[in-house]
Amino acid sequence: MESRRLMQKLNWRRIVLKVGSALIAPDQDGCRSRYILTIAQFIVRCRARGIEVILVSSGSVAAGSHLFPSDQPRSVVLKKAMAAAGQTEMIAMWDRFFDFPSAQLLLTHGDLRDRERYQSIRETVFTLLEHGVLPIINENDAVTTDDLKVGDNDNLSAMVAAAADADALLIFSDVDGLYDKNPNLHDDAVLLPEIKSIDESIYAMAGCATSSVGTGGMKTKIEAAEKATSHGIATYIINGFKEETFNRLLAGDNPGTIFSPYEKPMQDSVHWMTHTANEQGEVVVDGSFDESIEGETGIIRGDEIVEVHGEFAIGDTILVRSEDGTRLAKATANYSSCLLNFIADNEQSEFSEKMQDSIGPVISEKDIALLEKS
Ligand code: GLU
């Protein structure tokens with residue numbers, strides 16, 4: 001019964017596979033085909049069944065490290081150089097396995113959190129898939145700064161899965177899935193086949209809260225599962241080192257842990273604002289917010305804003321809070337924080353009013369994502 005139910009879930013149209021560095025360069029000495037060959041075969045078999053595949057592949061740093069002296073400290077800049085050099089080696093390796101074309105997309109969080117660039121990435125991915133090209137995605141480590149990076153490919157793969165409207169996200173790990181406690185420390189640790197909803201207790205099992213039962217490396221995978229499932233995407237954490245994993249998956253079996261998708265997934269723009277776009281600042285609105293949102297205008301005007309926090313520019317994502325601290329919405333700002341502060345300081349001035357008349361609302365209806373009140 002369990003197996004049949006999971007098999008129905010394998011009715012995939014489009015999937016995202018996330019492959020970690022340890023599978024690409026297990027010896028930290030350039031790319032090795034040892035594990036990747038099986039994954040490449042899995043990709044070929046999925047495509048033969050008509051399933052569209054997007055690959056998020058880590059491993060550029062691990063693949064490139066052997067090209068640089070090993071006695072030097074691994075500074076950030078050295079790692080960026082390793083990533084730039086290793087990326088070509090890694091892509092060349094993947095490409096060799098396939099007799100269909102592949103394409104490389106290197107992204108940063110800066111790209112994904114900008115709505116126009118996000119849409120552009122979606123269009124490119126869809127066009128590649130339409131023409132039978134396999135998109136291979138990694139973070140553009142060579143150009144990222146602390147502010148611009150996602151930082152890990154688990155979260156990146158979830159953002160990609162949401163952008164690509166995937167049905168499933170498969171995260172290949174070096175453990176069989178999520179255990180109720182750290183399997184390296186506890187012989188009686190039990191593998192959890194299905195997680196219906198993600199809360200603090202799940203993060204605690206992954207060793208992210210103040211718990212001693214950590215299964216290190218799981219935190220970002222749970223974060224990814226939370227991002228993906230809230231977009232309606234089933235997420236699997238499975239062992240990519242075991243060949244049997246792939247046959248079991250294709251047979252409709254669950255070889256690891258599956259995180260069930262939300263029954264009522266978030267709308268795409270709400271999901272993007274919640275999980276991909278960072279808020280750059282915050283505005284506190286007065287009690288007329290609910291009326292404005294439900295009313296015909298669906299907009300927020302300058303005189304409804306009580307406080308402005310942080311520095312943001314026009315087009316940045318901001319958080320809208322009520323005076324009692326409730327998170328009401330995320331939205332795109334039509335004004336910079338500087339301009340809003342000026343308006344607040346000169347509320348009655350004719351100049352301020354004229355300016356608002358010409359620019360329009362601070363937040364427009366089409367650019368607002370209401371949050372579940374918390
Ligand atoms: N982008 C990194 C790399 O290619 C990997 C990040 C990760 O493993 O999560 O080496």
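All values derive from a computational prediction rather than experimental measurement.

Bringing the site of the ligand into the picture now. Lining the immediate environment of the ligand, one finds Ser-21, Ser-58, Gly-59, Ser-60, Val-61, Asn-138, Asp-141, Asp-152 and Asn-153. In the environment of the ligand, an oxygen atom lies 2.8 Å from a nitrogen or oxygen atom belonging to the side chain of Ser-60. Take Asn-153: an N or O atom from its main chain is 2.7 Å from an oxygen atom of the ligand. Isolated, the ligand exposes 300 Å² of accessible area, and the fraction of that covered by the protein chains is 80%. Within the shell around the ligand, the residues separate by chemical class into one nonpolar, six polar and two charged.

The next point concerns helix α7 (residues 115-130). Taking 1.5 Å per residue as the helical rise, α7 with its 16 residues ought to reach 22 Å, and the 22 Å between its terminal C-alpha atoms agrees with that figure. Among the residues of α7, those classed as buried are Tyr-118, Ile-121, Arg-122, Val-125, Leu-128 and Leu-129. Angular distribution of buried residues about the axis of α7 spans 130 degrees; they occupy a single face of the element. Relative to its buried face, α7 has exposed residues pointing more than 90 degrees away, namely Glu-116, Glu-123 and Glu-130. At the N-terminal boundary of α7, the capping side chain belongs to Asp-114, with an oxygen 3.1 Å from the backbone nitrogen of Glu-116. The positive-phi residue at the C-terminal boundary of α7 is Gly-132, with phi of around 75 degrees.

The buried fraction of strand β11 (residues 317-322) is high, at five of six residues. Relative to β11, strand β9 (residues 281-285) is paired through five bridges, and the arrangement is parallel. For Glu-282, the partnering residue across the bridge sits in β11 and is Leu-319. Relative to strand β12 (residues 327-332), β11 runs antiparallel, the two being bridged by five bridges. Across the sheet, the residue bridging to Val-320 is Ala-329, located in β12. What sits between the antiparallel neighbours β11 and β12 is a turn of four residues, in which Gly-325 has the positive phi angle 95 degrees.

Moving on: the side chain of Asp-176. In this structure, Asp-176 sits in the loop between β5 (168-173) and β6 (194-195). Looking at Asp-176, its side chain comes within polar contact range of the side chain of Asn-239, at 2.8 Å. In terms of polar contacts, Asp-176 uses its side chain to reach the side chain of Lys-242, at 3.0 Å. Apart from residues no more than four positions distant in its own chain, Asp-176 is found in contact with Leu-191, Ile-237, Ile-238, Asn-239, Lys-242, Pro-255, Gly-256 and Thr-257.

The next subject is the sheet that holds strand β8 (residues 257-259). Strand order across the open sheet formed by eight strands is β3-β4-β2-β1-β5-β7-β8-β6, with mixed pairing between neighbours. Since the sheet does not close on itself, it has two edges, and those belong to β3 (102-107) and β6, each with one partner. Each of β5 and β7 (234-239) is contacted by helix α11 (residues 243-250), which is oriented at about 150 degrees to β7, the strand it contacts most.

Quick look at the packing of aromatic side chains now. Scanning all chains against the criterion turns up eight aromatic pairs. Judged by centre distance (4.8 Å) and plane angle (20 degrees), the ring pair of Phe-98 and Phe-100 falls under stacked. For Phe-98, a relative accessible area of 8% gives the class buried. With 5.8 Å between their ring centres and 50 degrees between their planes, Tyr-118 and Trp-272 make a pair best called tilted. Pair noted here: Tyr-118 is in helix α7 and Trp-272 is in helix α12 (residues 268-276), with a separation of 154 residues, a long-range link. Residue classification places Tyr-118 among the buried positions, given a relative accessible area of 1%. Ring pairing ties together the aromatic residues Phe-42, Phe-172 and Phe-246, which thus form one cluster. One cation-aromatic arrangement involves Arg-115 over Trp-272; the distance from NZ or CZ to the ring centre is 4.8 Å.

Moving on, we get to the nonpolar core. Soluble globular proteins tend to pack their nonpolar side chains together in the buried interior. Counting residues in each nonpolar core, the largest one holds 35 residues, and the members touching the most others are Ile-43, Trp-94, Leu-170 and Phe-172. Per-element tally for this core: the top contributor is helix α3 (residues 33-48), with six residues. Sequence-distant contacts of Ile-43, defined by excluding residues within four places in its chain, comprise Leu-17, Val-53, Leu-55, Trp-94, Phe-98, Phe-100 and Leu-134. Val-150, Leu-156, Ala-158 and Ile-171 belong to the second-largest nonpolar core, a separate cluster that totals 33 residues.

Cut-offs used in this document
- Residues numbered from 1 in each chain as written.
- Predicted model: local features only at pLDDT ≥ 70, side-chain atom pairs only at ≥ 80, totals over all residues.
- Heavy atoms only, no water.
- Near = heavy atom within 4 Å.
- Polar contact = N/O pair within 3.5 Å; in protein donor to acceptor, adjacent residues only side chain to side chain.
- Areas by Shrake-Rupley, 256 points an atom, 1.4 Å probe, with all protein chains shown as cover.
- Nonpolar A, V, L, I, M, F, W, Y, C, P; charged D, E, K, R; others polar.
- Helix = DSSP H or I, 4+ residues; strand = E, 2+ residues; numbered from the N terminus.
- Expected span 1.5 Å × (residues − 1).
- Buried < 20%, exposed > 50% of the residue type's maximum accessible area, 1.4 Å probe, protein only.
- Arc of directions from axis to C-beta.
- Pairing = 2+ DSSP bridges.
- Contact = heavy atoms within 4.5 Å.
- Axes fitted to C-alpha atoms, helices over the stretch in contact; angles between N-to-C directions.
- Phe/Tyr/Trp six-rings, centres within 6.5 Å; stacked < 30°, edge-to-face > 60°.
- Lys NZ or Arg CZ within 6 Å of the ring centre and 35° of its normal.
- Core = buried A, V, L, I, M, F, W, Y, C linked by side-chain atoms within 4.5 Å.

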